[in-house]
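# Survey of secondary and tertiary structure
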Amino acid sequence: METKTNQFKAEIAEMLDLVVNSLYSKKEIFLRELISNASDAIDRAKFLSLTDKTLVADNPEWKIEIAVDKAAKTLMISDNGVGMDAAELEKNLGTIASSGTKAFRQALKEKGGESLPELIGQFGVGFYAAFMVADRVRVVSRRRGADAAFQWESDMGGSYTIGDSTRDGFGTSVMLHLRDDQAEYLDRWRIEELVKKYSDFIAYPITFRQIDVPADEKEEDRKRREEDEKKPVNTMVALWKRAKKDVKDEEYAEFYKHLTHDWEAPFETIPFSGEGQVEFKALLFLPKKATMELFMPQQKRGLSLYVRNVFIGDDIEMLLPSYLRFVKGVVDSSDLPLNVSREMLQDDAVIAKIKNAVTSKILSTLETLKKDEKRYNEFWNSFGTVLKEGVHVDWANAERLKKLLKYPTARGDAGKTVFLEDYVKDMPSDQKDIYYLLSEREEDARKAPQLEAARKHGCDVLLFCDPVDEFLTESLREFDGKKFVDVAKGDVAFGSEAEQKAEKDATEKAAKELAPFIEAVKKELESKVSDVRVSTRLTDSPCCLVARENALPPSMVRMMRAMKNEVPDEKRVLELNAAHPLVKKVSSMKGAELSDAVTLLYDSALIAEGSPVTDGARFTKLLADLMLK
Ligand code: ADP
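The following refers to the structure shown. Just so it is clear, the structure is predicted and the values come from calculations on it, not from any experiment.

## Considering the environment of W62
By the secondary structure assignment, W62 is in the loop between helix 2 (29-49) and strand 2 (64-69). Since its relative accessible area comes to 17%, W62 is described here as buried. It is 78 Å that separates the C-alpha atoms of W62 and L576, two residues lying 514 residues apart in sequence. Non-local contacts of W62, meaning those with residues more than four positions away in its chain, are made with I42, A45, K46, V56, N80, G81, R144, Y204 and P205.

See below:
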């Protein structure tokens, strides 16, 4: 092919510019990224050869070599992995997968240039880290099974070239022309230090070779050097196969970073093995922070699966229930056949057993973590929203999961959350049910008039302010034998039976007295509410809106509408506080005056719960008239 010059896509040019000008001190991570790519390339070659033996007709001894030429100031990382053809070079090194691009730029905008190296890793653009230390990079690659080799080259000038090349064996070599101030990476000692630090667990031997040996090298020096150059720099033992006591925290952390492209050490490391029914070794991690990928259903990232040391894939979501998708790690089993296909994994009994064991292990880790309030809160703030989904979908573990849930409460301080068992422990002796209030914002929930009666009776109320909470109310059902009851729905009754009876009598009496007024309000608000009645739940506010006991949950309504079903707007019930001076006053009004006052009352109920008023213009006019009076 003719050598052609291509412009980088705008976002790569932009990113490269930032990489080159980055003042970030840890430029050394470029080596980890390139070694990681080499290792992935070998993993892929091994995997593809499971079904196509011709790819390994050369009987490769898998290896990664780092070669330096001090005189030419070059550093080369070579592998004999899968390799790339011209189209793949262009696609892989000239564009960022479009789904990632937007998110990358967004994150870059939010976090600023300093976090660039971190983002490079997270967004799978590790290759470009090479430009932190090099001003020219050439990639020569020959795809396994192909005769021709191609090269990709760029000096960061906004473009790259792709053309023919030659290469003896299959695989890829990445040649870095180091910048003048980056000569440290020509030093054997420095490179070995970095390999040990970041890439010790890489499963293939990484060797170091010096290209420009002095012509007058002594015989004994040559022998020693050649001897050294044969020895791998890394130990290569898969970390998950080593006993926990033999692995340093930093080693776990480096492995985690290699696996996830996270920049921070993991929050929790969970090594464990399955014995008995299925034999497997697993090394799981809880990250510190949630990433956007958690909420992108198209990103199917799961655990990495190895079968007898062969890497099968890192998107094996069958090994984890989706509500634990924040967990990262590796599972290695000798009980699966090597030539597994995705379809087979789907309903494989061994996989199902591993999934159960992994799920149970993670839950028991969280149960232990729960004893450390500060750390558990940290975990909960990052992943609570995702974990909650489990109550809805994993019936077998629902009871264990409920004990891991945390909620803010009406009585507790903002930002503080409690476990359900703590809520139950604090219930007054005559409280039978667990109360909750749904709201979009905790702030609004705290001010909701619907809480007044609960407060009066000394009952606390859980605040369900996460969008998933609404779904959850349908699956929570019971905890510790107690039902979950929405304080803003139907007619909730608080207090002892005697109290309830007294309240009921008082309400009935008030209803009788106010009967003509209630009729008038009903007529006035006919199009907006399904009923008007005297409330037992209000102490300070004049009125509030509540849902009918058997109303469809709003989430269900949204879902049905999304499925193009006709669902009429759910009209709620307006409850009036008969003892409130405002209600008393309005009940004595007539005609237009009454009509305006009722509208204002209704609008004030909407505002009190954080909902918008139905007719803003009318509301403002009525308010202005009132103020002028
Ligand atoms: P990531 O490795 O996270 O996908 P990179 O920017 O590091 O992102 O690499 C982009 C792509 O280029 C890789 O996904 C891979 O397909 C390809 N690639 C990079 N290095 C090699 C290599 N040594 N051998 C084969 N393919 C490679």
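This is not the end of the story, as more comes after the structure.
## A short note on the sheet that holds strand 20 (residues 529-534)
Spatially, three strands are ordered 20-22-21 in an open sheet, and the strand pairing comes out mixed. Looking at which strands have only one partner, the edges of the open sheet turn out to be strand 20 and strand 21 (543-546). Looking at each pair of strands side by side, their axes are set apart by 25° on average, direction ignored. As judged from the four bridges shared by strand 21 and strand 22 (residues 572-576), these two strands associate in the antiparallel manner.

## Some thoughts on the packing of aromatic side chains
Counting across every chain of the model gives 20 aromatic pairs. Considering the side-chain rings of F272 and F280, the 5.7 Å spacing of their centres and the 90° angle between planes classify their relative orientation as edge-to-face. Per residue, the accessibility class of F272 equals that of F280, and both read buried. Residues Y436 and F464 carry aromatic rings whose centres are separated by 4.8 Å and whose planes lie at 10° to one another, so their mutual orientation is stacked. Residue Y436 is located in strand 16 (residues 434-438), and its partner F464 is located in strand 17 (residues 462-464); the two are separated by 28 residues in the primary sequence. Of the residues examined, Y436 reaches a relative accessible area of 8% and is grouped as buried. Here the guanidinium or amino end of R375 rests over the ring plane of F267, the centre of that ring lying 4.1 Å away. For the cation-ring pair, K406 lies above F419, with the distance from its terminal atom to the ring centre recorded as 4.8 Å.

## Some points on the pairing of strand 3 (residues 74-79)
Burial analysis of strand 3 places six of its six residues in the buried class, the great majority of the element. The two faces of strand 3 match: T74, M76 and S78 on one face and L75, I77 and D79 on the other face are all buried. Pairing of strand 2 with strand 3 involves six bridges; the strand directions are antiparallel. Bridge pairing in strand 3 places D69 opposite T74.

## Here we look at the packing of helix 2 against helix 6 (residues 188-199)
With their axes 10 Å apart at the nearest point, helix 2 and helix 6 run at an angle of 65° to one another. Read as a crossing pair, helix 2 and helix 6 show a hand that is right-handed. Only I191, L194, V195, Y198 and S199 of helix 6 make contact with helix 2, whose side of the interface consists of I29, L31, R32 and I35. Looking at the contact of helix 2 with helix 6, its residues break down into seven nonpolar, one polar and one charged.

## Some words on the packing of helix 17 (residues 497-524) against helix 20 (residues 591-608)
Look at helix 17 against helix 20: their axes get within 10 Å of each other, and the N-to-C directions meet at 75°. With respect to helix 20, the axis of helix 17 lies roughly perpendicular. Across the interface between the two elements, F517, A520, V521 and E524 of helix 17 pack against L594, S595, V598 and T599 of helix 20.

## Observations regarding the sheet that holds strand 19 (residues 482-486)
An order of 17-16-19-18 is seen for the four strands of this open sheet, with the pairing classed as mixed. Where the open sheet ends on each side, the last strands, each with one partner, are strand 17 and strand 18 (478-479). In terms of strand pairing, strand 18 meets strand 19 through two bridges, oriented antiparallel. Along strand 19, the bridge assignment pairs E478 with K483. Those strands touched by helix 16 (residues 467-476) are strand 16, strand 17, strand 18 and strand 19, and its axis lies near 155° from that of strand 16.

## A closer look at the environment of H580
If you trace the backbone, H580 turns up in the loop between strand 22 and helix 19 (581-587). Taking C-alpha positions, H580 is 8.0 Å from T539, a pair spaced 41 residues apart along the chain. Excluding anything up to four places from it in sequence, H580 contacts D540, S541 and P542. Within polar-contact distance, the side chain of H580 engages the backbone oxygen of D540 at 3.1 Å. At 3.1 Å, the side chain of H580 and the backbone nitrogen of L582 are in polar contact.

## Some details on a nonpolar patch on the surface
Where nonpolar side chains cluster on the molecular surface, the patch consists of F471, M559 and M563 and spans about 290 Å² of accessible area. Along the chain, F471 turns up in helix 16. For F471, a relative accessible area of 31% puts it in the partly exposed group.

## A look at helix 11 (residues 373-393)
Here helix 11 is 21 residues long, yet its end C-alpha atoms lie only 26 Å apart, well below the 30 Å a rise of 1.5 Å per residue gives. Within helix 11, the axis deviates most sharply at F383, by approximately 70°. Taken residue by residue, helix 11 has Y376, F379, W380, S382, F383, G384, V386, L387, K388, G390 and V391 as its buried positions. Next to the buried residues of helix 11 lie strand 10 (280-286), helix 10 (349-369), helix 12 (398-402), strand 14 (406-407), strand 15 (418-419) and helix 16.

Thresholds, definitions, all that
Residues numbered from 1 in each chain as written. Predicted model: local features only at pLDDT ≥ 70, side-chain atom pairs only at ≥ 80, totals over all residues. Heavy atoms only, no water. Helix = DSSP H or I, 4+ residues; strand = E, 2+ residues; numbered from the N terminus. Buried < 20%, exposed > 50% of the residue type's maximum accessible area, 1.4 Å probe, protein only. Contact = heavy atoms within 4.5 Å. Pairing = 2+ DSSP bridges. Axes fitted to C-alpha atoms, helices over the stretch in contact; angles between N-to-C directions. Phe/Tyr/Trp six-rings, centres within 6.5 Å; stacked < 30°, edge-to-face > 60°. Lys NZ or Arg CZ within 6 Å of the ring centre and 35° of its normal. Left-handed = near helix turned anticlockwise from the far one by under 90°. Nonpolar A, V, L, I, M, F, W, Y, C, P; charged D, E, K, R; others polar. Parallel < 35°, antiparallel > 145°, perpendicular 65-115°, else oblique. Polar contact = N/O pair within 3.5 Å; in protein donor to acceptor, adjacent residues only side chain to side chain. Patch = residues over 30% accessible without salt bridge, like charges linked within 9 Å, V, L, I, M, F, W, Y side chains within 5 Å. Areas by Shrake-Rupley, 256 points an atom, 1.4 Å probe, with all protein chains shown as cover. Salt bridge = Lys/Arg side-chain N within 4 Å of Asp/Glu carboxyl O. Expected span 1.5 Å × (residues − 1). Bend = angle between axes of the 7 residues up to and from the residue.

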